[in-house]
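Commentary on secondary and tertiary structure
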Amino acid sequence: MCGIVGYIGNREASGILLDGLHRLEYRGYDSAGLAVVDGKQIKRVRVQGKVAALASKLKQEPLSGSSGIAHTRWATHGAPSEANAHPHCDDKGRVYVVHNGIVENYAPLKQELQQEGHVFSSETDTEVIAHLISKFLDENTPLELAVKKVLKLIKGTYALLVIAVAEPGKIVAARQSSPLRLGVGQDEFIIASDASAIANYTKQLITLGDGEVAVITRAGYTISELHGEVDLDKDIEEIDWNLDEAGKGDFPHYMLKEIFEQPEAIKNSLRGRLLVEDGQAVLGGLRQVEDRLRKIKRLHLIACGTAYHAALVGEYMLEEYANVPTEVCVASEFRYRKAILDPETEAVLVISQSGETADTLAAVKEAKEKGLLTLGIVNVVGSSIAQATEAGIYNHVGPEIGVASTKAFTSQLTVLALLTLFLGRQRNMSLVIGKRIAEELKALPLKIEKILAGSQLISQLAKKYVRVNNFYYVGRKYNYPIALEGALKLKEISYIHAEGAPAGELKHGPLAMIDSNFPALFIIPQDSVYEKNVSNLEEVRTRGAKLLAIATAGDNRLAGLADEVLYIPKTLEMLTPILSVVPLQLLAYQLAISLDRDVDKPRNLAKSVTVE
Ligand code: AGP
């Protein structure tokens, strides 16, 4: 979490840094700050709160200078406050640091420094880095060497930018497990946690790798390894999306924009990958491992949060249609389980929108350690997980900024369906079934457009239910994970308590909670478990609960059973989650708006979870 950005060039730095922080704010937003090199001094402004508060403070206390560093924070060590906001500096004001990550051994290092007389002014782990660099920096030790010395002492994760009074024309940057990208412009450089803070100024990007250190001056940059001295020759990539895609356009929130982008996003995920007549999926990212995949007897799907819910749907798809035994595990548990894995016949597939989620990345490392083939479904091109996995499939849905994942989720489901087709056709799936899946996949964008066209109805519904404090979301088979996802969406942006449950489990406990103030929302398309679901719905109805249902268009029976029914177009059972989740995203959004919540930046959360 946390967003960092640095600038060095010939323009005023503070405006560019502030613009970068605005674009990175989805990564953390409890405090913000920047430090600018002004001649021979470094000046700093920090606030508790959002980047807008920093912008107002900068109007009162403008900073002038053409290089600097900035940070927007998601607190780990030390509560959100001005004193804990970055940039941090040592007690002599010589070195300023912004950091994304965690210094795990900061406590003993801090204790040692305090014994030597260093005085700390924050509760953060980051401050030790500034003190240590200042301690090592002298006439014979340039900033980059002092930084390298410190990085060899600290344990943990970091994306780090450092400036020093003694070397005003230089930014030193380093990365270990937290993303950092260098934008190479015309006589100027911008270095940031992600490309959205850079794309306004240059499309030329270098992704720093783990254990790499960059030294950036107005004249150019060098990149070397932490333990080496030789300069690396890194490739420059071109950003293939424009900033409009990362802006809100005419929408009041990123989340709403991203919900409405889903038809286009799914088209992009499918583009060039479907051979409808052959009932085949073409997945270029898996070509190099195609033969190994033929031999796979078990697949482990690993992810966190919303991506984990996608994995749960994937399990149903892969087992039912591709005949591949599949297991799903939350990434934070996988690394601590003693999973029984066979490197000859099993593979790990991780799913991550950001490609930076610490637990998911750790699971990839663990699986590689065990000798397993590692695959990824990732949205952010060039992200840590994309680089760490041996092969994979990109979502290609453009930047997802809203903390609540929406278009990435439906794309993950789409890609899992493509993978099912791909693996299924390698195995027993017939041409007829393959064609059917391919045809239905192709038809999805139009069907989602139909659901979105009815969004007005959902906003009226939200007004009716806005005073409700608890919801059950209930589903079965393919739509059980959608019950979990619908409940997660509601919780994270509206702060209304919601639980997802498998329909068959209600009578094993949850039913005790049901009364007229505790509504249940059934996801109940006309599929192979429809009748069972209707019986469960009846059980809840008998106990006096208000009932909402997501049903297949034309299902008049449900109109007589539930208080409210939202309809989705008919599709193949395995693809119903891609449709049924859309009204749930809209419902969560509308309820959150009615409660005046900050939907794009819900409290206590951040978009990219780069800590364990
Ligand atoms: C989704 O709405 C969440 N905010 C969160 O659960 C997210 O899906 C999870 O943190 C995983 O992120 P990733 O896909 O970037 O790995």
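Worth saying up front: this structure is predicted, and the values here are computed from it rather than measured. (Residues numbered from 1 in each chain as written. Predicted model: local features only at pLDDT ≥ 70, side-chain atom pairs only at ≥ 80, totals over all residues. Heavy atoms only, no water.)

Moving on to the layout of surface pockets. Its volume calculated, the second largest pocket comes out at about 610 Å³. In this structure, the second largest pocket is lined by 27 residues; those nearest its centre are Cys 304, Gly 305, Ala 606, Lys 607 and Val 609. Of the residues assigned to the lining of the second largest pocket, the class counts are 12 nonpolar, 10 polar and 5 charged. The residue makeup of the lining of the second largest pocket includes at least three contributed by each of domain 2 (247-446) and domain 3 (454-599). (1 Å grid on protein atoms, 1.4 Å probe; cavity = no way out; pocket = protein on both sides within 12 Å on 5 of 7 lines; lining within 4 Å. Points joined across faces, edges and corners; volume = space filled by probe spheres on them. Nonpolar A, V, L, I, M, F, W, Y, C, P; charged D, E, K, R; others polar. Domains from an automatic or database assignment.)

By the element assignment, Gly 117 lies in the loop between α3 (106-115) and α4 (127-136). Considering only alpha carbons, one finds Gly 117 and Asp 91, 26 residues apart in sequence, at a separation of 9.9 Å. (Helix = DSSP H or I, 4+ residues; strand = E, 2+ residues; numbered from the N terminus.)

So, about the pairing of strand β11 (residues 204-207). Across 3 bridges, strand β9 (residues 181-184) lies against β11 in antiparallel orientation. Residue pairing in the sheet places Leu 182 in a bridge with Ile 206 of β11. Summarising the sheet, β11 and strand β14 (residues 237-238) pair through 2 bridges and their orientation is antiparallel. Bridging across to β14, Leu 205 finds its partner in Glu 237. (Pairing = 2+ DSSP bridges.)

As enumerated under the stated definition, the model contains 2 cavities of 30 Å³ or more in all. If you add up the space inside the largest cavity, you get close to 90 Å³. Cys 2, Trp 74, Thr 76, His 86 and Gly 101 are, among the 15 residues lining the largest cavity, the residues nearest its centre. When residues in the lining of the largest cavity are grouped by element, the largest group, 3 residues, is from strand β6 (residues 95-103). Estimated volume of the second largest cavity: approximately 40 Å³.

Moving on, we get to the sheet that holds strand β13 (residues 220-225). Within the open sheet, the 6 strands sit side by side as β5-β6-β7-β8-β12-β13. Their pairing is antiparallel. Edge positions in the open sheet fall to β5 (88-89) and β13, since each of these has one partner strand only. Pairing analysis gives 5 bridges linking strand β8 (residues 167-176) to strand β12 (residues 212-217), with the strands arranged antiparallel. Paired with Ala 173 across the strands is Ala 214, a residue of β12.

Each packed pair of helices is defined by two parameters, the angle between the axes and the distance between the axes. Running from N to C, helix α14 (residues 407-426) and helix α15 (residues 431-453) cross one another at 165 degrees; their axes reach a closest spacing of 10 Å. In terms of orientation, α14 lies roughly antiparallel with respect to α15. Once α14 is placed against α15, the crossing between them reads as left-handed. Touching Thr 414, Ala 417, Leu 418, Leu 421 and Arg 425 of α14 are Leu 431, Gly 434, Ile 437, Ala 438 and Leu 441, all from α15. Residue classes in the contact of α14 with α15 are distributed as 7 nonpolar, 2 polar and 1 charged. (Axes fitted to C-alpha atoms, helices over the stretch in contact; angles between N-to-C directions. Parallel < 35°, antiparallel > 145°, perpendicular 65-115°, else oblique. Left-handed = near helix turned anticlockwise from the far one by under 90°. Contact = heavy atoms within 4.5 Å.)

This part covers the site of the ligand. The local shell around the ligand holds 14 residues, among which Ser 352, Gln 353, Ser 354, Thr 357 and Glu 492 are the closest. Here an oxygen atom of the ligand and a backbone polar atom of Thr 306 are 3.1 Å apart. Note that an oxygen atom of the ligand is positioned 2.4 Å from one of the side-chain N or O atoms of Glu 492. Out of a free accessible area of 410 Å², the ligand has 90% covered by protein chains. Because more than half of its atoms lie within 2 Å of the grid, the ligand is assigned to the second largest pocket. Contributing elements (two or more residues each) for the shell around the ligand: α10 (305-322) and α17 (480-494). In terms of residue count, α10 provides more of the shell around the ligand than any other element does, 3 residues in total. (Near = heavy atom within 4 Å. Polar contact = N/O pair within 3.5 Å; in protein donor to acceptor, adjacent residues only side chain to side chain. Areas by Shrake-Rupley, 256 points an atom, 1.4 Å probe, with all protein chains shown as cover. Sits in = over half its atoms within 2 Å of the grid points.)

This paragraph deals with the domain arrangement of the protein chain. Many descriptions give the size of an interface as the accessible area lost when the pieces come together. With domains assigned, the protein chain is organised as domain 1 (3-239), domain 2 (247-446) and domain 3 (454-599). Domain 1 and domain 3 are separated by 45 Å when their C-alpha centres are compared.

A few words on the packing of aromatic side chains. Counted under the stated rule, the structure contains 6 aromatic pairs. Relative to Phe 260, the ring of Phe 251 lies with its centre 5.7 Å away and its plane at 35 degrees, an arrangement referred to as tilted. The class for Phe 251 is partly exposed, based on a relative accessible area of 29%. Measuring from centroid to centroid gives 4.7 Å for Tyr 472 and Phe 518, while their planes differ by 20 degrees, and the two rings are stacked. Of this pair, Tyr 472 sits in strand β22 (residues 470-475) while Phe 518 is found in the loop between β23 (497-502) and β24 (520-523), placing the two residues 46 residues apart along the sequence. This pair shows no difference in class: Tyr 472 is buried, exactly as Phe 518 is. The ring centre of Tyr 495 lies 3.9 Å from the NZ or CZ of Arg 603, which sits over that ring. (Phe/Tyr/Trp six-rings, centres within 6.5 Å; stacked < 30°, edge-to-face > 60°. Buried < 20%, exposed > 50% of the residue type's maximum accessible area, 1.4 Å probe, protein only. Lys NZ or Arg CZ within 6 Å of the ring centre and 35° of its normal.)

With respect to the helices and strands, Glu 188 occurs in the loop between β9 and β10 (189-192). Of the polar contacts made by the side chain of Glu 188, one reaches the side chain of Arg 11; its length is 2.6 Å. Other than its neighbours up to four places away in sequence, Glu 188 contacts Tyr 7, Ile 8, Gly 9, Arg 11, Gly 183 and Tyr 201.

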